[in-house]
Amino acid sequence: MQTFKGRFRGSVVVVTGASAGVGRATARAFAAAGASVGLLARGPDGLAAAKKDVEDKGAHALAVETDVAAADQVEAAAEAIEEELGPIDVWVNNAMVSTLMPLSEMEPEDFKRVTDVTYLGSVYGTMTALRRMLPRNRGSIIQVGSALAYRGIPLQSAYCGAKHALQGFTESVRCELMHEASRVTISMVQLPALNTPQFHWVKTSFDRHPQPVAPIYQPELAAEAILWSAANYRREVNVGETTVATVIADKLAPGLLDRYLAASGYDSQLDERPIEPDRSDNLWQPVPGDHGARGEFDERSWERSLQWAASRHRRWIALGSGVAALAAALKRRAS
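Since the model is a prediction, treat every value here as computed from it, not as a measurement.

Participant: Explain the packing of helix H1 (residues 21–32) against helix H7 (residues 219–231) to me, please; I cannot follow it from the model alone.
Facilitator: For any two helices packed against each other, the geometry comes down to the angle between their axes and how far apart the axes lie. Interaxial distance between H1 and H7 falls to 8 Å at its minimum, and their mutual angle equals 55°. Comparing the axis directions of H1 and H7 gives the class oblique. Relative to H7, H1 is oriented so that their crossing is right-handed. Residues Gly21, Val22, Ala25, Thr26, Arg28, Ala29 and Phe30 of H1 form the contact with H7, whose participating residues are Pro219, Glu220, Ala222, Ala223, Ile226, Leu227 and Ala230. Per-class residue counts for the contact of H1 with H7 are 10 nonpolar, two polar and two charged.

Encoded structure:
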């Protein structure tokens, strides 16, 4: 894993959805890199534990109970963070909720809730960050996306729609910032399936337990990519071999992918365990307790990705390939 020790010392970073999963791993990583971290989430138990994680790494933290679907709460949280920690340098829009069920079984208010949190929550976060960053002419906004921003899959129509929308929104805002010659940057990090607590609490209509679609990666890999994006501007970052494969397959053979997902997309998201009879979901209310960064699929999850390692160093790889090609050409000419 790449180290960012001291890279963000003196910086103030806001992470939404910071109480668990990718947000929790990202908060820890920024704290280890020296940043003060503003933590936004709904659940007080997870927020308190996330705050302790940051402080245990010697960094300052402020936890603010926030539902990102409410624009006024996001704005109030930013005000509190700047008053306590200082000007915000990096804003990470990570908060999300989802459902796992066919559209025909969804209630309209549940679909709207997924959209409000996963899409509009990121819109409100971006607006709030820009109000502060544009006058200072500096700052980075990181949108936590997904391979599903390019390719929708069955049973997650609301979430896929939200990530597709976030992709288009981000491209639009990026062009506006470029038009204004602003030094504020906005990037999107497209993630693969991850081992987070999401599958423990996602709302579902099935009697089988939800699971991420293999191959599965650990959330710390996502956190590394988010930190890298904050330190090294790139308009978009794809993380994981399956993310790249999904994007390419959807461009080259979308119809074939439709048929493949129609056949495999249900079973790949459900394991054989039955749902617990008293299981709670987090769509409308946070599930009590501290759920940490990782979910229950450690034994099936990868901590590293060769694709991500290559992506970070693609310039050096391209240079090395060019040198090798030139050397081969000179050798053929000499012979």
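From this point, the discussion proceeds with the structure in view.
Participant: Honestly, the pattern of salt bridges in this entry has me stumped. Any pointers?
Facilitator: Charged atoms that come close allow side chains of opposite charge to pair. Counted under the stated rule, the structure contains 22 salt bridges. The closest approach of N and O atoms between Asp290 and Arg24, which form a salt bridge, is 2.7 Å. Here the residue Asp290 occupies a position in the loop between strand E12 (270–274) and strand E13 (301–302), and Arg24 occupies one in helix H1, the gap between them amounting to 266 residues. Classification of Asp290 as partly exposed rests on a relative accessible area of 44%. Here Arg24 falls in the buried class, since its relative accessible area comes to 2%. Between Arg138 and Asp89 there is a salt bridge, with the nearest N and O atoms lying 2.5 Å from each other. Placement of Arg138 in the loop between helix H4 (108–136) and strand E6 (140–146) and of Asp89 in the loop between helix H3 (71–84) and strand E4 (90–93) is noted, with a sequence separation of 49 residues between them. Arg138 sits in the partly exposed class, given a relative accessible area of 35%. With relative accessibility at 17%, the residue Asp89 sits in the buried group.

What counts and how
- Residues numbered from 1 in each chain as written.
- Predicted model: local features only at pLDDT ≥ 70, side-chain atom pairs only at ≥ 80, totals over all residues.
- Heavy atoms only, no water.
- Axes fitted to C-alpha atoms, helices over the stretch in contact; angles between N-to-C directions.
- Helix = DSSP H or I, 4+ residues; strand = E, 2+ residues; numbered from the N terminus.
- Parallel < 35°, antiparallel > 145°, perpendicular 65-115°, else oblique.
- Left-handed = near helix turned anticlockwise from the far one by under 90°.
- Contact = heavy atoms within 4.5 Å.
- Nonpolar A, V, L, I, M, F, W, Y, C, P; charged D, E, K, R; others polar.
- Salt bridge = Lys/Arg side-chain N within 4 Å of Asp/Glu carboxyl O.
- Buried < 20%, exposed > 50% of the residue type's maximum accessible area, 1.4 Å probe, protein only.

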